[in-house]
Amino acid sequence: MLGNGEVRKLETSWDALLDHGNELFDISFPSVCGVHPSLTLKATVLRDCDDQDNALRDLTRLSFECEGKVVKRLNNLTLVLKIRYVKHWSSLQLRPHGHPYRYKTLYSLSSALCSRFTETWKNENIEEAIRLSQESLEALPSLHPDRYFSYMCLQQAYLSRYQVQRKSADLSLAVENFRLASRHPTQGFPERINEAINWTFAAESHSHASTLEAYKTCFELLDRHLATRSSIVARHEATSTFRRARTLSVDAASCATRLDNLRDAIELVEQGRGQQWSLASRLRSPIEDLKSKNANLAHDFLELSRRLSDAQASAGSVDRAAADRAVILYRRLQEQWGAVVAEIRNLEGFPRFLLLPSYEDLQVAAHHGPVIILVASQYSCSAIIVPTSGEPHHVRFPRITLPDLETLKKDFTTAIRHTARMRPEEPRKKLRVLLRMVWDEIMLPIVNVLQNDLELQPRSRIWLCPTAAFTSVPLHAANPFRMTADRSGGEQCLEDLYICSYTPTLSALIRARRTMKTHATPSFAAIGQSQPRAGQGRVLPTVNGELKLVHKLVSPNIKFTNISGDEATQAGALEALRRNTWVHLACHGTQDQKQPYNSRFAMRDKPLTLLEIMENNSPHAEFAFLSACQTAIGDEETPDEVIHLAAGLQFSGFKSVIGTLWGVTDAMTQYTVEAFYEKMLEDVGMMDCTKAAWALNHATNAVKTKVPLEQRMVFIHIGV
């Protein structure tokens, strides 16, 4: 074995190969510690060969000799690319025409030449790279999985040449090969998804007309990849694998808005943000919905999907006759699969099975008030207002960029942390400055459209649907903190003008409203844990008092259950969630930023996790108040998926949820809780979860003189 010093000598001995262009030349190879350089090359070649004995005999015909001279026409290779090129070139000699794996060496050599072109800009390198990739395609049947790699090499070659020569035809050819690779049916979904993501980056970088198509292809492939995953965690893990896809939904929406295609923007952001919830939540995936509607069709669909997957592997056979038979089978299965999908789409409730939700379908979410989608993308930041009827409205934020939002997010975190060391009566100057910025730069332009274009009446309901960095900004608390022009009083803030709620997705709001049609006998459970098991948090001395307060405010006509102390276990809390229509939770809540399904409420024995809540069957659930820390904070791994405790409760069946954005102070919380339930339950014996947003708006105003700013704005409403 050669040591590092010997390797450096060996590499130095190759320096003479450089700068000879295409001329013929002679050069000798000095041995290093008795080992000739050609042996190293032989070892490299042998690793690429199927039959090492034959390969060794073939090597004697190559231009490399142990002690002698090399005469070979070479390109002007750099040292680092030379070994790679020689390796693949040598391997190609060992795989002549007709060799079953020649195509692999062809596209590997093509890739090496393409890399060389980016160093030298010599056209002969890229021409040869393209020729070799095309030859590798010709060697493969039309549905062979490895055609995908040849398409990849071709798009790399054409894109490299475009970046040097700037000929639009090369960019078009690169895009066509992106398209072919990402849609090649016998290659696995993960590879095709990654290539579609590469397509979006290239198209955005070069402002190509295919950008929107690339995003749509990504979502289509992701949907199909996730659709048959059997568990919630498996779907989340499958999505998290594609780290570069973390911002796809907002980038796609940004692309569509820049093209003034607002309908597409809404459909795409919903598709991207809703994938985990629509496919991974307890509300069941489209496949599970189909099983309950038509079990036979669901079976046929799953069986054909499995057989198609199996046929992908068969199409890669090195036996040309077997590969041709596999292609015929695959095409027949594709036709059958398409026929089953068409039949499913004819079922009531499944017209868009495996398709993007349409704008008309999504606009139903705005039936009781406009929904404002806030898009935070690296390419642009803006809002799209979905009105009750008619076309959506685009609101630009000309002075806001994604880095600005990230800075704003950090500033809010710092300001909130600083308030923990302040007395309640001290003015929150820094927080007021930040909320004024949110008003001036983000919410005021939206309010102008609501008032002037939509003519929305004061105190109407609105729903905020933030994405990415917007999810960490308290949009509902936007406030000018300024006097009116005539100095008669303060300017109105957002919550003076409208009743604000949040929704994770448009579909979530639609589903919550649809399930409101069935009403169960009202019942109320108050769950509190003041002394969780060691390691789950400190003692919360005010919890029992909070539960007593809630009990006092609930009408005696309503069945009330108090679960606290030793009874407030993980199993006890789950059972209460399953059996009651209304739930109040007072305990520690923790958001797991890395593994969102492990986000949890602290109980006496062990935590109650988000995953357990989502898998819990809560058929009669209506309203939940989460008087706990960090119940409405999202996920770092997939920031465009709003996976947090409050949203998880909504998706598990609760139609209306109160959650918190950061830590709450026990003593201050009781003021808000009391004011909220006094308003919520003012009609004795009536329990209407659609009043929650109004009651929270009332409560935050009612406690202004008692509760500091950050503890008033910490609570948000999600849902109907």
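Residues numbered from 1 in each chain as written. Predicted model: local features only at pLDDT ≥ 70, side-chain atom pairs only at ≥ 80, totals over all residues. Heavy atoms only, no water.

Colleague: Talk me through the overall build of the protein; I want residue IDs and the actual numbers.
Modeller: For the protein, the count of helices and strands is 28 helices and 16 strands. Looking at the 720 residues of the protein, the share that counts as buried comes to 55%. A separation of at least 24 residues holds for 74% of the contacts in the protein among residues at least 6 apart in sequence. Put simply, the protein shows about 31,200 Å² of open surface, and 50% of that area lies on carbon and sulfur atoms. (Helix = DSSP H or I, 4+ residues; strand = E, 2+ residues; numbered from the N terminus. Buried < 20%, exposed > 50% of the residue type's maximum accessible area, 1.4 Å probe, protein only. Contact = heavy atoms within 4.5 Å. Areas by Shrake-Rupley, 256 points an atom, 1.4 Å probe, with all protein chains shown as cover.)

Colleague: Now, about empty space enclosed by the protein: what can you tell me, with residues and values included?
Modeller: For the coordinates displayed, the defined rule picks out eight cavities of 30 Å³ or more. Of the voids in this model, the second largest cavity is the one considered here, and its volume is about 110 Å³. In terms of lining, the second largest cavity is formed by 13 residues, of which the most central are L540, C587, S627, V664 and D666. Residue assignment for the lining of the second largest cavity shows that the elements contributing at least two residues are α22 (543-553) and α26 (666-680). Classifying every residue of the lining of the second largest cavity by side-chain character gives seven nonpolar, four polar and two charged. (1 Å grid on protein atoms, 1.4 Å probe; cavity = no way out; pocket = protein on both sides within 12 Å on 5 of 7 lines; lining within 4 Å. Points joined across faces, edges and corners; volume = space filled by probe spheres on them. Nonpolar A, V, L, I, M, F, W, Y, C, P; charged D, E, K, R; others polar.)

Colleague: Just give me the short version of the pattern of salt bridges, but keep the residues and values in it.
Modeller: A complete count under the given rule lists 23 salt bridges for this structure. The partner of E127 in a salt bridge is R161, and the shortest N-O contact between them spans 3.0 Å. Here the residue E127 occupies a position in helix α6 (residues 123-138), and R161 occupies one in helix α7 (residues 147-165), the gap between them amounting to 34 residues. For E127, a relative accessible area of 38% translates into the label partly exposed. One salt bridge in this structure joins R258 and E204, with 3.0 Å as the shortest N-O distance. Taken together, the residues R258 in helix α12 (residues 248-258) and E204 in helix α9 (residues 189-205) connect sequence positions 54 residues apart. Note on R258: relative accessible area 40%, which makes it partly exposed. Note on E204: relative accessible area 11%, which makes it buried. Bridged by salt links that share partners, the residues E176, R179, R183 and E213 form one connected network. (Salt bridge = Lys/Arg side-chain N within 4 Å of Asp/Glu carboxyl O.)

Colleague: How would you explain the packing of helix α18 (residues 402-419) against helix α19 (residues 429-452) if you had to name every residue and give the values?
Modeller: One way to put it is that α18 packs onto α19 with a least axis distance of 9 Å and a crossing angle of 150 degrees. Classified by the angle their axes make, α18 and α19 are roughly antiparallel. When the axes of α18 and α19 are compared, the crossing they make is left-handed. Contact residues: α18 offers L405, L408, D411, F412, A415 and I416, while α19 offers K430, L431, L434, L435, M437, V438 and I442. Split into classes, the residues belonging to the contact of α18 with α19 amount to eleven nonpolar, no polar and two charged. (Axes fitted to C-alpha atoms, helices over the stretch in contact; angles between N-to-C directions. Parallel < 35°, antiparallel > 145°, perpendicular 65-115°, else oblique. Left-handed = near helix turned anticlockwise from the far one by under 90°.)

Colleague: Can you explain the sheet that holds strand β12 (residues 600-601)? Please cite residues and give values.
Modeller: Read from one edge of the open sheet, three strands run β11-β12-β13, paired in antiparallel fashion. The open sheet is flanked by β11 (589-590) and β13 (608-609), the only strands paired with a single partner. Strand direction decides the pairing type here: β11 and β12, joined by two bridges, are antiparallel. The residue bridging G589 from the neighbouring strand is F601, located in β12. (Pairing = 2+ DSSP bridges.)

Colleague: Before we move on, could you go through the pairing of strand β3 (residues 371-376) and cite the residues and values that matter?
Modeller: Within β3, six of the six residues are buried, which leaves the element mostly enclosed by the surrounding structure. In β3, alternate side chains face the same way, and those of V371, I373 and V375 on one face and I372, L374 and A376 on the other are all buried. Judged from the six bridges that link them, β3 and strand β4 (residues 381-386) form a sheet pairing that is antiparallel. Looking across to β4, one finds that I372 is bridged to I385. Taken together, β3 and the strand that follows it, β4, pair antiparallel across an intervening segment of four residues. With four bridges joining them, β3 and strand β6 (residues 461-466) adopt parallel strand pairing.

Colleague: Please provide a residue-by-residue account of the confidence of the model for the protein, values included.
Modeller: Residues with a pLDDT of 70 or more make up 78% of the protein, whose mean pLDDT is 80. Contacts of residues 1-84 to residues separated by more than four positions or lying in other chains number 118 contacts, the stretch itself having pLDDT below 50. Contacts of residues 635-642 to residues separated by more than four positions or lying in other chains number 41 contacts, the stretch itself having pLDDT below 50. (pLDDT = per-residue confidence, 0-100.)

Colleague: Can you lay out the packing of aromatic side chains for me, pointing to particular residues and giving the numbers?
Modeller: On inspection of all chains with the given rule, the structure shows 14 aromatic pairs. Each ring, one from F524 and one from W582, has its centre 6.1 Å from the other, and the planes form 50 degrees; the classification is tilted. Pair noted here: F524 is in strand β8 (residues 523-528) and W582 is in strand β10 (residues 582-586), with a separation of 58 residues, a long-range link. With relative accessibility at 0%, the residue W582 sits in the buried group. With a centroid separation of 5.1 Å and an interplanar angle of 80 degrees, the aromatic rings of F676 and Y677 are classed as edge-to-face. A residue is classified by how much of its surface remains accessible, and F676, at 0% relative accessible area, is buried. With a relative accessible area of 0%, Y677 lands in the buried category. Among the aromatic residues, those joined into a cluster by ring pairs are F524, F560, W582, F623, F625, F676, Y677 and F715. When the ring centre of W463 is taken as reference, the NZ or CZ atom of R513 above it lies at 4.9 Å. (Phe/Tyr/Trp six-rings, centres within 6.5 Å; stacked < 30°, edge-to-face > 60°. Lys NZ or Arg CZ within 6 Å of the ring centre and 35° of its normal.)

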